[in-house]
Amino acid sequence: MAIATDVLARLKDITGPDGWMSDPNLLAPYLSEPRGRFHGNTPLLMQPASTTQVAAIVRECAAHQIPMVPQGGNTGLVGGQTPSPEGVQILVNLGRMNRIRDIDPVAGTMTAEAGCLLASVQTAAREVDRLFPLSLAAEGSCQIGGNIATNAGGTQVLRYGTARALTLGLEVVLADGTIWDGLSPLRKDNTGYDLKHMFIGSEGTLGIITAAVLRLFPQPRQTVTAIAGISNIDGAMKLMERMQAASGERATAFELMSALAVELAVKHMDGVARPLGAQTPWYVLMEFHGGDGDDLGPAVEAGLGQALDDGDVVDGAIAQNAAQAQAMWKLRESIPPAQTKEGASIKNDIGVPGHRAEKFVDACASAIESLVPGSRLVAFGHLGDGNLHMNVSQPPAMEPPAFLDQWDKITGVVHDLTMEFGGTFSAEHGIGQLKRGELVRHKSAAALDSLARIKTAFDPQGLFNPGKIF
Ligand SMILES: Cc1cc2nc3c(=O)[nH]c(=O)nc-3n(C[C@H](O)[C@H](O)[C@H](O)COP(=O)(O)OP(=O)(O)OC[C@H]3O[C@@H](n4cnc5c(N)ncnc54)[C@H](O)[C@@H]3O)c2cc1C
């Protein structure tokens, strides 16, 4: 049912003219997710400037049973932030709540509003000689609230953990408009259920996150970046263990790239060169952070040298300066856009235990070849935490639409294998609208029942982001 005009007028009054949009031309960028798989409609996009405005919006919507869709930077790829097509849901975009409320370098905490860009949070930490380590390719446009709502990971999870580990406290507007002030900087608090964890990864279905206390770390005084060419993924896992021992557990990133992924990046992206003299089936990009007293460079060199001597690594290089380190990262970051330039692709964001990744990737390659002969597996990802992409590029001679018609079949088989190998069918983007069927297919009845009970307890009217996750 269409939302009554008097309710829309009261919502507009809450923020004043700077805090809402209803012109379809202005709304358009907020109504589709980046890959264009989901499109929605809304009569009103709200951009509140304060927590009290968010609370007033939620109260008004709750009083009239109007569904609300929380939205951050609109970078998610599963349609979680996209309203339904009927135009009966209010979009609540947090972009104007972008203040750093407090930063305490000594305590190692920052209180940031939900709409702060991830890149701005990183910069604010750097300005007081601290590190906020969450880092991913969308950091220039995603917001910290969205990162927390999807429990984002990225390249540095191995050392610093996901958004869950980096969030000490939260401020959340609950379903009746109450503000829950959980902005605690405590590292440990055993007073009953730890409520913040309910909202982390909840994809806007339990409440609207308005601010967070984030954990900061010392800025690394030394950073060492290296690339190794290896024969197989088991070898990469062995290398990770060796390099962790050699560096005193200082590896922050351990990124896997298949030969084809590297080949596509070199072929399609300007300024990307082959990383090593030798061409190997797999490559690993490693990064290490150290403090003043560490002897990180020699430690990494010794570890890599020993791996070469033992035949575990075919070739390797350590960046000698910042430009070389940037070139190594550019290669890694070029893989997704290069795959897009190669033609149609079918993508996923699975996770598997690292020690099973070798057999899992082999199983995926043969299953995909049987389904669509000639299609090409472009495997890469964060091997350090098992979050990999088993992306598939079209056979060169196939028409893109015919290949994309195979989306569900290929994804289904990759997800089935992921579960068989003890993994997860989403380690990045979450469920949103795209993977609701997969959630039902792969979660146990006990887990689904518990999730549904939690949803009802926090959002009895079902007004927060309906049609997402469930
Ligand atoms: C190029 C690219 C690379 C990526 N790489 C990685 C990666 O390496 N690792 C990884 O884990 N993820 C990765 N992602 C996914 C990324 O983590 C998410 O897209 C991002 O965290 C979502 O933030 P956002 O502000 O854009 O949220 P949106 O996309 O706007 O929203 C995402 C979800 O969060 C909810 N939400 C947003 N803000 C709030 C709020 N304030 N309160 C409550 N709910 C809210 C929305 O309702 C929606 O369900 C990548 C994405 C892209 C596009």
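Residues numbered from 1 in each chain as written. Predicted model: local features only at pLDDT ≥ 70, side-chain atom pairs only at ≥ 80, totals over all residues. Heavy atoms only, no water.

Enquirer: Got a minute to help me understand the domain arrangement of the protein chain in this structure?
Expert: Interfaces are often described in size by the accessible area the parts lose on coming together. Once the domains are mapped, the protein chain shows domain 1 (5-93), domain 2 (100-218), domain 3 (222-341) and domain 4 (345-431). For domain 1 versus domain 3, the separation of C-alpha centres amounts to 43 Å. (Domains from an automatic or database assignment.)

Enquirer: Would you mind going over the site of the ligand with me for this structure?
Expert: Near the ligand, the surroundings consist of 33 residues, among which P70, G73, T75, G76 and G153 are the closest. Contact between the ligand and G153: an oxygen atom at 2.7 Å from a main-chain N or O atom of the residue. Backbone polar atom of E203 to an oxygen atom of the ligand: 3.1 Å apart, as the coordinates give it. The protein chains hide 91% of the 960 Å² of surface that the ligand would expose on its own. At the level of elements, β3 (68-71), α5 (144-149) and β10 (208-215) are the ones that each hand at least two residues to the shell around the ligand. With four residues, the top contributor of residues to the shell around the ligand is α5. (Near = heavy atom within 4 Å. Polar contact = N/O pair within 3.5 Å; in protein donor to acceptor, adjacent residues only side chain to side chain. Areas by Shrake-Rupley, 256 points an atom, 1.4 Å probe, with all protein chains shown as cover. Helix = DSSP H or I, 4+ residues; strand = E, 2+ residues; numbered from the N terminus.)

Enquirer: For this particular structure, what's the right way to read the environment of L166?
Expert: You can see L166 is positioned in helix α7 (residues 163-166). A relative accessible area of 1% places L166 in the buried class. Placed 33 residues apart in sequence, L166 and P133 show a C-alpha to C-alpha distance of 8.5 Å. (Buried < 20%, exposed > 50% of the residue type's maximum accessible area, 1.4 Å probe, protein only.)

Enquirer: What is the right way to look at the side chain of Q81 in this model?
Expert: Its location among the elements puts Q81 in the loop between β3 and β4 (90-93). The class of Q81 is buried, set by a relative accessible area of 8%. There is a polar contact of 2.8 Å between the side chain of Q81 and the side chain of N74. Excluding residues within four positions of it along the chain, Q81 makes contact with E33, P34, V69, P70, Q71, N74, T75, G76 and L91. (Contact = heavy atoms within 4.5 Å.)

Enquirer: Would you explain the pairing of strand β6 (residues 109-113) in this entry?
Expert: The element β6 is extensively covered by neighbouring structure, given that five of its five residues are classed as buried. Neither face of β6 is open: one carries T109, T111 and E113, the other M110 and A112, and all of them are buried. Here strand β5 (residues 100-104) pairs with β6 via four bridges, running antiparallel. When the bridges of β6 are listed, I103 appears paired with M110. Counting the residues between successive antiparallel strands, the hairpin from β5 to β6 contains four residues, one of them, G108, with a positive phi of roughly 70°. For β6 and β10, the ladder comprises five bridges, and the chain directions are antiparallel. Bridge assignment links T111 to a residue of β10, and that residue is V213. (Pairing = 2+ DSSP bridges.)

Enquirer: Explanation requested: the side chain of S334 in the structure shown.
Expert: When you line up the elements, S334 lands in helix α12 (residues 322-341). Setting aside its immediate chain neighbours within four residues, S334 contacts A265, M269 and V272.

Enquirer: Please clarify how the pattern of salt bridges should be interpreted in this entry.
Expert: Once their charged atoms are close, side chains differing in charge can pair, the charge on each being opposite to the other. This structure, assessed with the given rule, holds 20 salt bridges. For K435, the salt bridge identified is with D349, shortest N-O distance 2.4 Å. Residue K435 is found in the loop between α15 (407-420) and α16 (436-442), and its partner D349 is found in the loop between β16 (345-346) and β17 (350-351); the two are separated by 86 residues along the sequence. Taken as a pair, K435 and D349 share a single burial class, namely buried. Because the salt bridges share partners, they merge into one network encompassing R99, R101, E113 and E171. (Salt bridge = Lys/Arg side-chain N within 4 Å of Asp/Glu carboxyl O.)

Enquirer: What is the right way to look at unusual backbone geometry in this model?
Expert: Among all residues except glycine, the phi angle is most often negative; among peptide bonds, the trans geometry is most common. Phi at E203 takes a positive value of approximately 55°, unusual for a residue other than glycine. On the basis of relative accessibility, which here comes to 11%, the residue E203 falls in the buried class.

Enquirer: Sorry, what's going on with helix α9 (residues 233-247) here?
Expert: Since the α-helix advances by 3.6 residues per turn, residues separated by three or four positions end up pointing in the same direction. Taking 1.5 Å of rise per residue, 15 residues should cover 21 Å, and α9 covers 21 Å from first to last C-alpha, within 8% of that figure. Within α9, the full set of buried residues consists of I233, G235, A236, M237, L239, M240, R242, M243, Q244 and S247. Buried residues along α9 sit against α6 (157-160), β12 (222-230), β13 (251-258), β14 (282-290), α11 (296-309) and α13 (357-371). Immediately beyond the C-terminal end of α9, within one or two residues, lies G248, with a positive phi of roughly 70°. (Expected span 1.5 Å × (residues − 1).)

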